[in-house]
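Inside the fold
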Amino acid sequence: MLDRTSPTQRYARGIAAAVIAVATLLLAANAGPARAAEPEPPQQQVQQQS
């Protein structure tokens, strides 16, 4: 049969899980997209004469 865990252990596990979740989200947010192998050619703007 499973023994009951103390409230302190449950809170400690919950806080540890929250810290790990926040760290994972921060790492994922800072990863960013990969750079392209070749840069795109500059776009030329068409100037209209009036």
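Our subject in this report is the structure included herewith. On a predicted model such as this, the values are computed, not experimentally measured, just so you know.

Here's the deal with the overall build of the protein chain
Summing up its helical and strand segments, the protein chain has one helix and zero strands in all. Considering the protein chain as a whole, with its 50 residues, one finds that 0% of them fall into the buried category. As displayed, the protein chain has an accessible area near 5,700 Å², and 58% of this comes from carbon and sulfur atoms.

Things to note about helix H1 (residues 7-31)
If you check H1, its first and last C-alpha atoms are 36 Å apart, about what 25 residues at 1.5 Å a residue would give, namely 36 Å. Of all 25 residues in H1, zero are buried, a share of ten percent or less. The first or second residue beyond H1 is Gly 32, which carries a positive phi of 70°.

Some points on a nonpolar patch on the surface
A contiguous nonpolar patch, built from Tyr 11, Ile 15 and Val 19 and spanning about 360 Å² of accessible area, is present on the exposed surface. By secondary structure assignment, the location of Val 19 is in helix H1.

Quick notes on the rules
- Residues numbered from 1 in each chain as written.
- Predicted model: local features only at pLDDT ≥ 70, side-chain atom pairs only at ≥ 80, totals over all residues.
- Heavy atoms only, no water.
- Helix = DSSP H or I, 4+ residues; strand = E, 2+ residues; numbered from the N terminus.
- Buried < 20%, exposed > 50% of the residue type's maximum accessible area, 1.4 Å probe, protein only.
- Areas by Shrake-Rupley, 256 points an atom, 1.4 Å probe, with all protein chains shown as cover.
- Expected span 1.5 Å × (residues − 1).
- Patch = residues over 30% accessible without salt bridge, like charges linked within 9 Å, V, L, I, M, F, W, Y side chains within 5 Å.
- Salt bridge = Lys/Arg side-chain N within 4 Å of Asp/Glu carboxyl O.

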